[in-house]
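Residues per chain, in single letters:
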Amino acid sequence: MTATPAAPAVRRTPDVLADGREIIYFDDTEPYVSGQASRATPDTRPLEPADPGHSQLRYDVLTGEWVTIASHRNTRTFMPPADECPLDPTGRGRVPSEIPAHDYDVVVFENRFPSFTTTAVGEPADIDGEPLFPVRPGIGRCEVVCFTSDHNASFADLTEEQAALVLEAWTDRTSELSHLPSVEQVFCFENRGAEIGVTLGHPHGQIYAYPFTTPRTALMLRSLATHKEATGGENLFDAVLESELAGGRVVLEGEHWLAFVPYAAHWPYEVHLYPKRRVPDLLGLDEEARTEFPKVYLELLRRFDRIFGEGEPPTPYIAAWHQAPFGALEDFEGVNRDDFALHLELFTIRRTSGKLKFLAGSESGMSVFINDVPPERAAERLREVAS
Ligand SMILES: [Zn+2]
């Protein structure tokens, strides 16, 4: 792959919405990037102060997992008409949206219907005086990332410059949120398509800052620890990457990134994208990897939309960044956060034209995935539909 221009100059403008939530504009276009114009725009909506948050974290003592109980989210906006999209810029004769400015490049703001908040209301240490059932307030933060002001675009439609700006925003948020009290893990992700349960059509993603290490990350850390111990120090991520590189499931290889369908893919079409130089999180990416990322990622997303052939509706997908937790790793003896490998997992729940993979009995009941598409065939298809 040929090199793309160096990372963009980015201007970051924090502001506050009418109900006190934070909004941050990320700009790489004029007249904003050089500061000749300001993005800061008053939010004139008569909003009540933001809900301090009433979500609860309840600990499942049998599985060792925290469950978030967030009943207030049932009132959230569901598929509004296009002229009332809350993620469009305000102006153009429409009702004010979540974004007071008349345009934006990339914008991030605190979710109005969060599962976690920094101001979560306190709870007793247990409910009904039962010490077996720990509970704590849902402290953390949930943010929305609007990838573009163009309502009808998808991430795959972005230019490399726009995708680079989203990467800058994800990196900035990972850094900022990691410094909040209680936050242990930062998760940047995109749900794309109504089939995934997306309630707004506008191209956007989300960021969750969790007050604990998530179960999947904990599993990976345990596997890392076991492998390190068993091999006298080998890094399991490095070993997997080396084996996948030599195997038949590579989908795309750049100078600094490697994408493959994993050996034991859970989903019909699933791709894991790793920087070749192992880093624990987005903050660790060097300039070369950051520069090449947009080209590689946009190509993967465009291939996803071609998997099922011409005339098919856009492929629903989930794109999930796995980053090392920021909390102490005392439960994972012998593992440092630098042992973790930042990577993105991209997968679709569509099996074939018009058919979805549901998380049914085996998956939902027992966490045993049944995948109808052999990973080797999925990889072959993802190579066939290259640009
Ligand atoms: Zn919109």
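The rules we used
- Residues numbered from 1 in each chain as written.
- Predicted model: local features only at pLDDT ≥ 70, side-chain atom pairs only at ≥ 80, totals over all residues.
- Heavy atoms only, no water.
- Donors = N, O, S within 2.8 Å, 3.2 Å for Na, K, Ca; no water.
- Tetrahedral: all angles 85-135°; square planar, octahedral: opposite > 155°, others 65-115°.
- Patch = residues over 30% accessible without salt bridge, like charges linked within 9 Å, V, L, I, M, F, W, Y side chains within 5 Å.
- Areas by Shrake-Rupley, 256 points an atom, 1.4 Å probe, with all protein chains shown as cover.
- Salt bridge = Lys/Arg side-chain N within 4 Å of Asp/Glu carboxyl O.
- Helix = DSSP H or I, 4+ residues; strand = E, 2+ residues; numbered from the N terminus.
- Core = buried A, V, L, I, M, F, W, Y, C linked by side-chain atoms within 4.5 Å.
- Buried < 20%, exposed > 50% of the residue type's maximum accessible area, 1.4 Å probe, protein only.
- Contact = heavy atoms within 4.5 Å.
- Pairing = 2+ DSSP bridges.

Caption draft 1: How the structure looks around the coordination of the zinc ion. Protein-derived ligands of the zinc ion are Cys85 (SG), Asp88 (OD), His151 (ND1) and His202 (ND1), with the metal-ligand distances lying across 1.9 to 2.3 Å. Given 4 donor atoms and angles of 90 to 118 degrees at the metal, the environment of the zinc ion is assigned as tetrahedral.

Caption draft 2: A look at a nonpolar patch on the surface. On the surface, a nonpolar cluster with roughly 440 Å² of combined accessible area is contributed by Val61, Leu62, Leu132 and Phe133. For Leu132, the position within the fold is in the loop between β5 (106-110) and β6 (135-137).

Caption draft 3: Local environment of unusual backbone geometry. Residue Pro31 is reached from Glu30 by a cis peptide bond, and omega for that bond is 5 degrees. Within the secondary structure, Pro31 sits in the loop between β2 (22-27) and β3 (56-60). Although it is not a glycine, Ser182 adopts a positive phi angle of roughly 80 degrees. Residues other than glycine seldom take positive phi values, yet Ser367 does so here, at roughly 60 degrees. Structurally, Ser367 can be placed in the loop between α5 (361-366) and α6 (375-384).

Caption draft 4: Region of the structure containing the nonpolar core. Formed by 53 residues in total, the largest nonpolar core has its most connected members in Phe155, Trp170, Leu273, Tyr297 and Trp321. The element that contributes the greatest number of residues to this core is helix α4 (residues 287-304), accounting for 8 residues. If sequence neighbours within four positions are ignored, Phe155 has contacts with Phe147, Ala163, Val166, Trp170, Glu190, Tyr297, Leu298, Leu301 and Tyr317. If you look at the next biggest cluster of nonpolar residues, it comprises 17 residues, including Phe237, Val250, Leu329 and Phe340.

Caption draft 5: Representation of the pairing of strand β11 (residues 257-260). Side chains Trp257 and Ala259 project from β11 onto one buried face, and the interleaved Leu258 and Phe260 project onto a second face that is buried too. In this sheet, β11 lies alongside strand β10 (residues 250-253) in antiparallel orientation, the contact comprising 3 bridges. The residue bridging Leu252 from the neighbouring strand is Ala259, located in β11. Where β10 folds back on β11, the antiparallel hairpin that results is connected by 3 residues.

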